[in-house]
Structure formats: structure tokens, C-alpha cells
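Remarks on the overall topology
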Amino acid sequence: MKPFRRYARRLFAPLVYLAAVLLLLEDWLWTLGARLMARLAQWPPLHRLEAWICRLGPYAALVLFALPAVLLFPVKLLALWAMGNGHALTGLLVIIVAKVAGAAAVARLYLLTRPVLLTILWFARLLHWFMDLKERWIAALRATAAWRRVDALAARLRRWRRALPMPAPGSWRARFRRLLKRFRARWRA
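In what follows, the accompanying structure is described. (Residues numbered from 1 in each chain as written. Predicted model: local features only at pLDDT ≥ 70, side-chain atom pairs only at ≥ 80, totals over all residues. Heavy atoms only, no water.)

1. Things to note about the pattern of salt bridges
A side chain of one charge can pair with a side chain of the opposite charge when the charged atoms of the two come close. Inspection of the entire model under this criterion finds 1 salt bridge. Between Arg108 and Glu50 there is a salt bridge, and its shortest N-O distance comes to 2.8 Å. Placement of Arg108 in helix H4 (residues 88-117) and of Glu50 in helix H2 (residues 44-54) is noted, with a sequence separation of 58 residues between them. According to the relative accessible area criterion, Arg108 is buried, its value standing at 17%. (Salt bridge = Lys/Arg side-chain N within 4 Å of Asp/Glu carboxyl O. Helix = DSSP H or I, 4+ residues; strand = E, 2+ residues; numbered from the N terminus. Buried < 20%, exposed > 50% of the residue type's maximum accessible area, 1.4 Å probe, protein only.)

Spelled out as C-alpha cells, the structure:
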């Protein structure tokens, strides 16, 4: 391997790992947002709106798919302005909420418009290329020693949590565990 390529590879390796971590975070937000929006879509007015969205043509669906990013861009700029004027926590909170809301909206719109969007040849090719790239980056991240250590630590924590003694039936811990189980069951439904 040529020296320049070796140095470039070492220089850009942390950026690739950072991008892979951001992709994993985005994937988690995507899943979370899709679940949340699926629950909200049970509301009759939103259900009718979704039925209308499913009937759109390919390019109208593409415009609608890009709309959340376009609408949230000024909000993110406003958050950066707030951060620059001494309101760092408020700005950061607005950016996080905008990211979660945008991921939720895009995830739901993608699920609704995917069949129509895939009829656009360049979109289908770009999506296929992006998904392949994402899988390669995530596979490279999972092949690292750091990932294996974090994964092993998470497995140990899960085993430790399962090994904890069951709380007494009437205690606050037992009630809290039941509440968490009900919340998890509703969330996964």
C-alpha cells in the first residue's frame, strides 16, 4: 500500500466510525419514530391523511418525502442562533427535538410512499447504493474490538439484570416493574 493511502486511511478511519455510529443512531431514531407515528396514525384524521398520501404520484410523493427536512431546516438554524446568543441548552434541546420529530415524520412518510418512490429509477438506484454503503459501514464498526467490548459489556449487564432477585410482591419495585412491562407491551404493539 502506498504511504499516502496508508496515512489517508488512518486519518479518515475515525470519521468512518463516527459516521457508522451516527447511522446507528439514525436507525434507532427511525425505528422509534416509525413506532410513534404508527400509534398516532390510528387517529381518524391522520388515517385519512395517510390514505391520501398513499394515492400520490411518484414526484408528488418525493416532494412530500423531502418536506420535513425542508421545514425543519429553519428551526435548526434558529436553534443554532439561540446557541450563539448564549442559550446553548435551549438550542441543543430544539435541535434534538427537531431531529427526533424529523426522523419520525420521514420514517412514516417513507413507509407510506416507498412503493411509489421506488418507481423512480434514480431514487431506487440511490436508495440501493445508500443501503449497501450503510451496511458496509455498520459491518466495519461491528468488526472493531471496541464494538465487541461494548457488546460484551451490554451482555454482562443484561445477565446481571436478569440475575437480580425478584422484588417482594407488594413493594414499590414490583409495582414499578409491572408498570414498565405494561409500557413495553403497549409500545411494541
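2. Observations regarding the packing of aromatic side chains
Within a pair of aromatic rings, the relevant descriptors are the distance that separates the centres and the angle that separates the planes. Taken as a whole and judged by the stated rule, the model has 3 aromatic pairs. One aromatic cluster is present, built from ring pairs that chain together Phe65, Tyr110, Trp122 and Phe123. (Phe/Tyr/Trp six-rings, centres within 6.5 Å; stacked < 30°, edge-to-face > 60°.)

3. Some words on the packing of helix H3 (residues 58-84) against H4
Direction vectors running N to C along H3 and H4 enclose 175°, while the axes themselves pass 9 Å from each other. What the angle tells us is that H3 and H4 run roughly antiparallel. Here the contact of H3 with H4 is built from residues that sort into 24 nonpolar, 3 polar and 2 charged. (Axes fitted to C-alpha atoms, helices over the stretch in contact; angles between N-to-C directions. Parallel < 35°, antiparallel > 145°, perpendicular 65-115°, else oblique. Nonpolar A, V, L, I, M, F, W, Y, C, P; charged D, E, K, R; others polar.)

4. Some words on the nonpolar core
Of all hydrophobic cores here, the largest spans 15 residues; its most connected members are Ile53, Phe65, Leu117 and Phe123. Of all the secondary structure elements, the ones that give two or more residues to this core are H3, H4 and helix H5 (121-142). Take this core: its biggest share by element is 6 residues, from H4. Apart from residues no more than four positions distant in its own chain, Leu117 is found in contact with Pro58, Ala61, Leu62, Phe65 and Phe123. (Core = buried A, V, L, I, M, F, W, Y, C linked by side-chain atoms within 4.5 Å. Contact = heavy atoms within 4.5 Å.)

5. With respect to a nonpolar patch on the surface
Together, Leu11, Phe12, Leu15, Leu18, Leu22, Leu25 and Trp28 make up an exposed nonpolar region whose accessible area comes to about 760 Å². Looking at Trp28, the relative accessible area reads 53%, which means it is exposed. (Patch = residues over 30% accessible without salt bridge, like charges linked within 9 Å, V, L, I, M, F, W, Y side chains within 5 Å. Areas by Shrake-Rupley, 256 points an atom, 1.4 Å probe, with all protein chains shown as cover.)

6. Brief notes about a positive patch on the surface
The grouping of Arg156, Arg158, Arg159, Arg161, Arg162, Arg173, Arg177, Lys181 and Arg184 at the surface amounts to a positive patch. Only helix H6 (145-163) and helix H7 (172-188) provide two or more residues apiece to the positive patch. Its location among the elements puts Arg158 in helix H6. Given the relative accessible area of 40%, Arg158 is considered partly exposed. (Lys, Arg positive; Asp, Glu negative; His and termini not counted. Charge placed at Lys NZ, Arg CZ, Asp CG, Glu CD.)

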